[in-house]
Amino acid sequence: MAARSAVTLVRKSKPSSPEFLQLRCHIRPGASKVREGVAAVTDESVELCVAAPPQDGKANKAVIEILSEILGVAKSDLQITHGTKARDKTISVPSSCFLRGKSSGGSEDVVALVRERLQISQDAS
């Protein structure tokens, strides 16, 4: 079985449907506040440390807040599509969020842009 990529651009079959970017994340809840953020970016997943405990959706909310800040998109644009009660999560964001206000570059550049932002965040912590 082939390994899935950490950042994937999903194109819908209908031309009118928007493209989505999927982030496969492994979450480490209950980390210290100092370690909160991107721990590692591998080929298979993005590893995130969050200080919030895995209770009542607190860790999920923290994941959305951290990714929103790192990627520079609104929290309302991020959605946990798989794994709401697991440490392995798939988070979707419309690719149009990254193309706003930019006339050049296509959706293929979105994956590279997101990987770059995640890598910069990892290096900063």
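Note that the coordinates shown come from a computational prediction; the quantities given were computed from them, not determined experimentally.

Rules and cut-offs
Residues numbered from 1 in each chain as written. Predicted model: local features only at pLDDT ≥ 70, side-chain atom pairs only at ≥ 80, totals over all residues. Heavy atoms only, no water. Helix = DSSP H or I, 4+ residues; strand = E, 2+ residues; numbered from the N terminus. Rg over C-alpha atoms; globule rule 2.2 N^0.38 Å. Buried < 20%, exposed > 50% of the residue type's maximum accessible area, 1.4 Å probe, protein only. Contact = heavy atoms within 4.5 Å. Polar contact = N/O pair within 3.5 Å; in protein donor to acceptor, adjacent residues only side chain to side chain. Salt bridge = Lys/Arg side-chain N within 4 Å of Asp/Glu carboxyl O. Pairing = 2+ DSSP bridges.

Quick notes on the overall build of the protein
Move 1: Scanning the protein from terminus to terminus reveals three helices and six strands.
Move 2: The linear arrangement of helices and strands in the protein, starting from the amino end, is β-β-β-β-α-β-β-α-α.
Move 3: Since a compact globule built from 125 residues should have a radius of gyration of about 14 Å, the 14 Å found for the protein is in line with a globular shape.
Move 4: With respect to the three principal axes, the spread of C-alpha positions in the protein is 40 × 30 × 30 Å.
Move 5: By the burial criterion, 42% of the 125 residues in the protein qualify as buried.
Move 6: Sequence separation of 24 or more characterises 44% of the internal contacts of the protein that already satisfy a separation of 6 or more.

Some thoughts on the environment of Asp 88
Move 1: With respect to the secondary-structure elements, Asp 88 resides in strand 6 (residues 88-94).
Move 2: A C-alpha to C-alpha distance of 17 Å links Asp 88 and Asp 56, two positions 32 residues apart in sequence.
Move 3: Excluding residues that lie within four positions of it along the chain, Asp 88 makes contacts with Cys 25, His 26, His 82 and Gly 83.
Move 4: Only 2.7 Å separates the side chain of Asp 88 from the side chain of His 26, close enough to count as a polar contact.

A short note on the pattern of salt bridges
Move 1: Across all of its chains, the model carries three salt bridges by this definition.
Move 2: With its nearest N and O atoms 2.9 Å apart, the salt bridge here joins Glu 19 to Arg 11.
Move 3: What makes Arg 11 partly exposed here is its relative accessible area of 48%.
Move 4: Ionic pairing is found between Glu 36 and Lys 33, a salt bridge with its closest N-O pair at 3.2 Å.
Move 5: Residue class for Glu 36 comes out partly exposed when judged on its relative accessible area of 23%.
Move 6: The exposure class assigned to Lys 33 is exposed, which follows from its relative accessible area of 62%.

A few points about the pairing of strand 6
Move 1: For strand 6, the buried fraction is high: six of the seven residues fall into the buried class.
Move 2: Relative to strand 6, strand 2 (residues 20-28) runs antiparallel, the two being bridged by seven bridges. What sits directly across from His 26, in strand 6, is Asp 88.
Move 3: Note: strand 5 (residues 79-82) against strand 6, three bridges, orientation antiparallel. Note that in strand 6 the partner of Gln 79 across the bridge is Ser 92.
Move 4: Once strand 5 ends, the chain turns through five residues before running back antiparallel as strand 6, passing Gly 83 with a positive phi of about 85°.

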